[in-house]
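Structure assessment
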Amino acid sequence: MRRIRFHSVRSLKEALEIRARCREESAVLAGGTDLLVALRLESASLPPLDLIDLTTIGSLRGVEWDAGTIRIGALTTHADLERSRILAEGAPLLAAAAASVGSPQIRNRGTIGGNIANAAACADTLPPLLALDARLLLSSTRGTREVDVRDFVRSPYRTILEPDEIVTGMSFRALRGDERGVFVKLGRRNALSVSRMGIACAAAFTSGGSLTNVRVAAGAVVPTVRRFPTVERCLEGTRGDPASIAAAGIALSEEMVRETGRRWSTPYKEPVVRAMLRKALAAMMEGRR
Ligand SMILES: Cc1cc2nc3c(=O)[nH]c(=O)nc-3n(C[C@H](O)[C@H](O)[C@H](O)COP(=O)(O)OP(=O)(O)OC[C@H]3O[C@@H](n4cnc5c(N)ncnc54)[C@H](O)[C@@H]3O)c2cc1C
């Protein structure tokens, strides 16, 4: 394992200053549930790493409601999200995704900032954040920029985060009374499972019962977690009838095959991805947030 210089900081300003100074030779530590695993695999011959511990910065942790907008600090743990009354009301799909992460121990340590910054294809909070049209706050000593979560992940484990930046938080509009959102996940087993696939859907219902502003995002279906506009178009303006849902499922599995090619797992994944979307949409239509 490479040598580590550990920085226990007292403020975000201090963390950002070290980040600006050490850049590529630094990393921030949140819950450590991804980072510590990764560090153990690194070669001892690498230069020392400046590890900046963010856990003491209380201002980066919490869920707030601000006139219909929900704001979440990057250091908020999955357990915090799972228990949040604000999310239960305004973004139950994100609370459900957080509740599905790992085990109680992982949820007590792992943070939403770490989950999205790590940018794994199976990161459970990314599909709901995409379906909620979230905006992320990226801070450095140069200032804070706000980016659309859609633009954040470049490819698996690669983001647009600059070497001097830290994810400080995120915000999105809470679901209104005429909107619903769900998250469904397929794991290899019921507990401690990293997602084999995860799908988040959100939509508004018109007074006539048609779906509008449909958002469908999936993780671990294609290499990079993303929205699926072709699937959304199959559902937009429909009443979520079986034919539209079947067409949406076919569109999703076709996109998967187009991006990943046919593999040994494709005959399994094709029907599963369609069934998962069907399950998510059925739950959304029934109003189970
Ligand atoms: C047994 C086990 C089960 C798991 N199950 C799941 C699961 O079901 N679903 C799932 O999605 N994940 C799962 N994970 C992965 C992990 O727990 C989550 O991704 C977690 O949210 C990571 O957050 P963290 O705070 O621990 O990040 P850390 O490990 O501290 O950091 C992860 C990476 O992000 C960077 N980082 C952290 N915070 C920030 C920030 N604010 N700004 C910029 N960069 C930052 C770090 O430098 C590091 O590169 C599992 C992990 C384990 C070990």
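Here the structure is shown first, and the text comes after it.
Attention here is on the structure that accompanies the text. (Residues numbered from 1 in each chain as written. Predicted model: local features only at pLDDT ≥ 70, side-chain atom pairs only at ≥ 80, totals over all residues. Heavy atoms only, no water.)

With that settled, consider the overall build of the protein. When its secondary structure is counted, the protein shows 11 helices and 14 strands. With the principal axes as the frame, the protein shows a C-alpha extent of 60 × 50 × 35 Å. Residue burial in the protein is summarised as follows: out of 289 residues, 52% are buried. At a minimum sequence separation of 6, the contacts of the protein that also span at least 24 residues come to 62%. Of the roughly 13500 Å² of accessible surface on the protein, 51% is carried by carbon and sulfur atoms. (Helix = DSSP H or I, 4+ residues; strand = E, 2+ residues; numbered from the N terminus. Buried < 20%, exposed > 50% of the residue type's maximum accessible area, 1.4 Å probe, protein only. Contact = heavy atoms within 4.5 Å. Areas by Shrake-Rupley, 256 points an atom, 1.4 Å probe, with all protein chains shown as cover.)

Moving on, we come to the packing of aromatic side chains. Taken as a whole and assessed by the stated rule, the structure comprises zero aromatic pairs. Over the ring of Phe205 we find Arg180; its NZ or CZ atom is 4.3 Å from the centre of that ring. Sitting over the face of the ring of Phe228, Arg226 holds its NZ or CZ atom 4.2 Å from the ring centroid. (Phe/Tyr/Trp six-rings, centres within 6.5 Å; stacked < 30°, edge-to-face > 60°. Lys NZ or Arg CZ within 6 Å of the ring centre and 35° of its normal.)

Attention now goes to a nonpolar patch on the surface. Side chains of Met1, Ile4 and Phe6 sit close together on the surface and give an oily, nonpolar patch of about 300 Å² of accessible area. Mapped onto the secondary structure, Phe6 falls in strand E1 (residues 4-8). Judged by relative accessible area, Phe6 falls into the partly exposed class, the value being 48%. (Patch = residues over 30% accessible without salt bridge, like charges linked within 9 Å, V, L, I, M, F, W, Y side chains within 5 Å. Salt bridge = Lys/Arg side-chain N within 4 Å of Asp/Glu carboxyl O.)

With that settled, consider the environment of Ala218. Structurally, the position occupied by Ala218 is in strand E13 (residues 211-219). For Ala218 and Phe228, which are 10 residues apart along the polypeptide, the C-alpha to C-alpha distance reads 7.7 Å.

Moving on, we come to helix H1 (residues 12-22). Think of an α-helix as turning once every 3.6 residues; residues three or four places apart then point the same way. Here H1 has its buried residues at Ala15, Leu16, Ile18, Arg19 and Cys22. All buried residues of H1 lie within an arc of 160 degrees about the axis, which places them on one face of the element. Of the residues in H1, the exposed ones pointing more than 90 degrees away from the buried face are Lys13 and Arg21. The secondary structure elements touched by the buried residues of H1 are E1, strand E2 (26-29), strand E3 (49-53), strand E6 (135-140) and strand E10 (166-173). (Arc of directions from axis to C-beta.)

This paragraph deals with the nonpolar core. One finds Ile72, Leu87, Leu94, Leu129, Phe152 and Phe172 to be the most contacted residues of the largest nonpolar core, which totals 39 residues. Residue assignment for this core shows that the elements contributing at least two residues are strand E5 (69-73), helix H5 (92-99), helix H7 (112-118), helix H8 (126-131), E6, E10 and strand E12 (195-205). Those residues in contact with Leu129, other than ones at most four positions away along the chain, are Leu94, Ile112, Ile116, Ala134, Val149, Met170 and Phe172. Counting residues in each nonpolar core, the second largest holds 30 residues, with Phe205, Val222, Leu235 and Leu252 among its members. (Core = buried A, V, L, I, M, F, W, Y, C linked by side-chain atoms within 4.5 Å.)

Limitation: the analysis is restricted to geometry and does not speak to function.
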